[in-house]
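Single-letter residue listing:
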Amino acid sequence: MSDVSTLVVDGELIRPGDDAYDTHRNTYQRQGSPALIVRAHTIDDVRRALAAAREHDLLLSVRSGGHGFPGFATNDGGIVLDLGPLDGVEVLDADRHLVRVGAGARWAAVTEALKPHGLVISSGDTTDVGVGGLILGGGIGWMVRRFGLTIDAVVAAEVVTADGRVLRASAAENADLFWALRGGGGAFAVVTAFEVIAQPVPEVYFGHIGYPRGDAPAVLRGWRDAMRAAPDELTSMMVLLPDGFAPQSLLIGVCVAHGDAEAAEAVVEPLLRLGDATVLDLRVRPYGEILAPPPPVPPGGAPPLARNRLTTDLSDELIDAYLAGLTAGPPVVGQVRALGGAVARVAGTETAFAHRDSEAFLSAVALSPAPEARAAFDAYWATLAPHTRGAYGNLMSSLDPADVAELYPPETSRRLAAVKASYDPDELFRQAYPVG
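Cut-off values and rules
Residues numbered from 1 in each chain as written. Predicted model: local features only at pLDDT ≥ 70, side-chain atom pairs only at ≥ 80, totals over all residues. Heavy atoms only, no water. Helix = DSSP H or I, 4+ residues; strand = E, 2+ residues; numbered from the N terminus. Rg over C-alpha atoms; globule rule 2.2 N^0.38 Å. Buried < 20%, exposed > 50% of the residue type's maximum accessible area, 1.4 Å probe, protein only. Contact = heavy atoms within 4.5 Å. Areas by Shrake-Rupley, 256 points an atom, 1.4 Å probe, with all protein chains shown as cover. Lys, Arg positive; Asp, Glu negative; His and termini not counted. Charge placed at Lys NZ, Arg CZ, Asp CG, Glu CD. Pairing = 2+ DSSP bridges. Axes fitted to C-alpha atoms, helices over the stretch in contact; angles between N-to-C directions. Phe/Tyr/Trp six-rings, centres within 6.5 Å; stacked < 30°, edge-to-face > 60°. Parallel < 35°, antiparallel > 145°, perpendicular 65-115°, else oblique. Left-handed = near helix turned anticlockwise from the far one by under 90°. Nonpolar A, V, L, I, M, F, W, Y, C, P; charged D, E, K, R; others polar. Salt bridge = Lys/Arg side-chain N within 4 Å of Asp/Glu carboxyl O.

The next point concerns the overall build of the chain. In terms of regular secondary structure, the chain is built from 12 helices and 16 strands. Relative to the compact-globule value of 22 Å for 436 residues, the chain shows a C-alpha radius of gyration of 21 Å, a close match. Dimensions of the chain, computed from the C-alpha atoms along their principal axes, are close to 65 × 55 × 45 Å. The 436 residues of the chain split such that 56% are buried. For the chain, restricting intrachain contacts to residue pairs at least 6 apart in sequence, the fraction spanning at least 24 positions comes to 74%. If you sum the accessible surface of the chain, you get close to 17100 Å²; carbon and sulfur atoms cover 52% of it. Of the side chains in the chain, 35 bear a positive and 54 a negative charge, and the two mean positions are spaced by 2 Å.

Next up, the structure:
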């Protein structure tokens, strides 16, 4: 173990044997045994942690919320830079709805802080996910069709580079880095804060519609057709649970991005005509109430297997192949999200998230860590390959080159590699999806 005993920070230093070590060593999905955990309270703390990692040639993990499936936010024998204390939320310009959000903030705290101002940011699905990780990956949330990806609302970022410089990245300053940070992941710098344009949508119409699990082929086709005709204000996803996991194992989640119940009911009505529907608490509520607690980690300590793909055409053939794989092996949770709308109105070259023409996002999480489950999971996804193009880094556990290659089209990869070479030539930030 390299000696980092001389490091001094304004925040907290946690080492093996300290009382707080077991609390902070692991992430939501992964276990780790780092040599040092730095809970940064200031920009200088971040700079000092990066300098220590460089000086002692230690693997560096940058942690926002720690929910990432690949486990980038912890390691064995290296340094974990925990941004959790950098969690401030401040309205910078009320007229523009411009908000500064610390990269270590959790989305539940962000929604609570913005509630008195009547503002929201389209975020992830769960309360405990960190701001930094979600934004760097893109941000597919409950208002994605109305307002786009979370990165589409970001106007600037405060970053610390591998050599310790503190920079502002925006369309006018360090524009190449700003482009890469919006969807390119954490391979370029440490983002300590984002400036984001929030939306004045304090209430939304939200809830779920249940259908019999056996009706999934017809319901998914009907849902697809309904979403093709739906206005942008409606965002929806279908969740398919293994039999016995819940009273309703086929659920359609809906979020209409306003609080007019009568108008929202008319928008959602086509999704109630797909079969024998059960309405589950469809009503107007504050946006913060729709964020769910994180699901429990499967027993045994082994992380689940997660994979996803994007498609420009949610065809009947893809629907059949996707549903067949969900029931062919160990328990799998499936999720299909409608995209389009505001997502598609941004050019694929404007951000590092290039798959703007995708109609839908399909994912599956295998709850069994057994080797035979992995083999079955891989074989399942191979059947979908002819119908899909692209992937989303925020819901993928695999570091297999074939999966990583789906994240970025060739031209996007070339641009990301150039940014990487400019800002992190020595690959200090290698605990991230590789680029280039």
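Still more ground to cover, so stick around.
Here the focus is the sheet that holds strand 6 (residues 98–102). Taken in spatial order, the five strands make up an open sheet running 5-6-9-7-8, and their pairing is antiparallel. On the outer flanks of this sheet lie strand 5 (89–93) and strand 8 (166–170), each paired with one strand and no other. Adjacent strand axes in the sheet meet at a mean angle of 20 degrees when their direction is disregarded. Pairing analysis gives four bridges linking strand 5 to strand 6, with the strands arranged antiparallel. Residue pairing in the sheet places D93 in a bridge with L98 of strand 6. The strands touched by helix 2 (residues 43–55) within the sheet are strand 7 (154–160), strand 8 and strand 9 (190–197), with strand 7 carrying the most contacts at an inclination of about 55 degrees. Most of the contacts of helix 3 (residues 107–114) go to strand 5, to which it runs at about 45 degrees, and overall it touches strand 5 and strand 6.

Taken as a whole, this structure holds eight aromatic pairs when the rule is applied. Ring geometry for F72 versus Y433: centroids 5.1 Å apart, planes at 90 degrees, classification edge-to-face. Of the two residues, F72 sits in the loop between strand 3 (60–63) and strand 4 (79–82) while Y433 sits in the segment after helix 12 (410–423), which places them 361 residues apart along the sequence. The exposure classification of F72 matches that of Y433, with both residues buried. An angle of 75 degrees between the planes, with centres 6.2 Å apart, marks the rings of F353 and Y392 as edge-to-face. Of this pair, F353 sits in the loop between strand 15 (332–338) and strand 16 (360–366) while Y392 is found in the loop between helix 10 (371–384) and helix 11 (401–404), placing the two residues 39 residues apart along the sequence. One exposure class covers both F353 and Y392, and it is buried. Put simply, the rings of Y322, F377, Y380 and W381 touch in pairs and so form one group of aromatic residues.

Packed helices, taken two at a time, are described by their axes: the angle between them and the distance between them. Viewed as axis vectors pointing N to C, helix 7 (residues 216–229) and helix 9 (residues 316–326) meet at an angle of 140 degrees, and their least axial separation amounts to 10 Å. As summarised for this structure, helix 7 and helix 9 are arranged oblique, according to the angle between their axes. At the point where helix 7 passes helix 9, the crossing takes the right-handed sense. Two secondary-structure elements touch here, helix 7 through A216, P217, L220, R221 and R224 and helix 9 through D316, I319, D320 and L323. Here the contact of helix 7 with helix 9 is built from residues that sort into five nonpolar, no polar and four charged.

Both faces of strand 2 (residues 36–39) are covered, namely the face carrying L36 and V38 and the face carrying I37 and R39. Note: strand 2 against strand 4, four bridges, orientation parallel. Looking at the pairing, I37 lines up with V80 of strand 4.

The next thing to look at is the environment of V333. Topologically, V333 is positioned in strand 15. Judged by relative accessible area, V333 falls into the partly exposed class, the value being 22%. Between the C-alpha atom of V333 and that of L367, which follows or precedes it by 34 residues, the distance is 7.7 Å. If we ignore the near neighbours within four places in the chain, the residues touching V333 are V239, L240, L241, P242, S363, A364, V365 and L367.

Contact pair helix 9 / helix 10: the axes reach a minimum separation of 9 Å and the direction vectors enclose 175 degrees. By the angle between their directions, the pair helix 9 and helix 10 is classed as roughly antiparallel. Contact with helix 9, carried on its side by L318, A321, Y322, G325 and L326, involves Y380, T383 and L384 of helix 10 and no other residues of that element. Tallied by class, residues from the contact of helix 9 with helix 10 come to six nonpolar, two polar and no charged.

What follows concerns the pattern of salt bridges. According to the stated counting rule, one finds 31 salt bridges in the structure shown. The salt bridge involving E195 is made with R168; its shortest N-O contact spans 2.8 Å. Within this pair, whereas E195 is found in strand 9, its partner R168 is found in strand 8, the two being separated by 27 residues in sequence. Classification of E195 by relative accessible area gives buried; the value is 13%. Between D403 and R309 there is a salt bridge, and its shortest N-O distance comes to 2.6 Å.

Its identity is not glycine, yet H97 carries a phi of approximately 60 degrees, on the positive side. Looking at the element boundaries, H97 is found in the loop between strand 5 and strand 6. One non-glycine residue, N174, adopts positive backbone phi at about 50 degrees. Structurally, N174 can be placed in the loop between strand 8 and helix 6 (175–181). Take N174: its relative accessible area is 26%, and that puts it in the partly exposed class.

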